[in-house]
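Survey of secondary and tertiary structure
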Amino acid sequence: MGNDGISAAEVERQLSTQVHSLRDDFREKSLSTNQHMTRLESLQAEIKMLSERKRELERRVTAVLEENEQLQLAVDSLTERTLVLEKQCHEKDLQLRQSQLELQEVRLSHRQLSARLEELSEERSLQSFSPSSHSLLCEIEQSMEQEELEQEREQIVKMVW
């Protein structure tokens, strides 16, 4: 029996040591679990905060994309308007050049007609001072010249106005 008592005492000591070891392990694991739970709660709070931040950034990106689209439409519209205005400007420049050419032609024609008018006036003055009497032929020529003069004057007036 003595052998069994030592043996039982030894077994009791070993069991006691194992119980203490298991309690220590349990305490450590309990502390570790509490730390993990605290860390897990902290990570969940951070995930929630980052998720909110992500949603806010996504809303801002959507707003910026919509604004960008509106601005692009405005740019397209202004580009189209600029092209139309440039075309109109070009057409007005062509009209101005054409009007300037026409004005030059009218001035040249005016000078030519003025010179012709002066020539005809001088001829008429000379004829009126001529001692010879006017024949029927001379009167017809004068009438035709006067008619030509009148037509040339009308042309000048039309061109100038």
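To be clear, the structure that these remarks concern was listed above.
Keep in mind the model is a prediction, meaning the values are calculated, not measured.

**Examining the overall build of the protein chain**
Helix and strand content of the protein chain: 2 helices and 0 strands. Looking at the protein chain as a whole, 5% of its 161 residues are labelled buried.

**Considerations on the pattern of salt bridges**
Should their charged atoms come close, side chains of opposite charge can pair. Taken as a whole, this structure holds 6 salt bridges when the rule is applied. Of the charged contacts, one joins R116 and E119 as a salt bridge, the two residues approaching to 3.6 Å between their closest N and O atoms. Within this pair, R116 and its partner E119 are both found in helix α1 (residues 2–129), separated by 3 residues, close to a single helical turn. Taking relative accessible area as the criterion, E119 reaches 43% and is therefore assigned partly exposed.

**So, the side chain of E152**
Here E152 lies in helix α2 (residues 136–160). Ignoring sequence-local partners within four residues, the contact set of E152 consists of L113 and R116.

Conventions we followed
- Residues numbered from 1 in each chain as written.
- Predicted model: local features only at pLDDT ≥ 70, side-chain atom pairs only at ≥ 80, totals over all residues.
- Heavy atoms only, no water.
- Helix = DSSP H or I, 4+ residues; strand = E, 2+ residues; numbered from the N terminus.
- Buried < 20%, exposed > 50% of the residue type's maximum accessible area, 1.4 Å probe, protein only.
- Salt bridge = Lys/Arg side-chain N within 4 Å of Asp/Glu carboxyl O.
- Contact = heavy atoms within 4.5 Å.

So, to be careful, I would describe these as geometric facts and stop short of saying anything about function.
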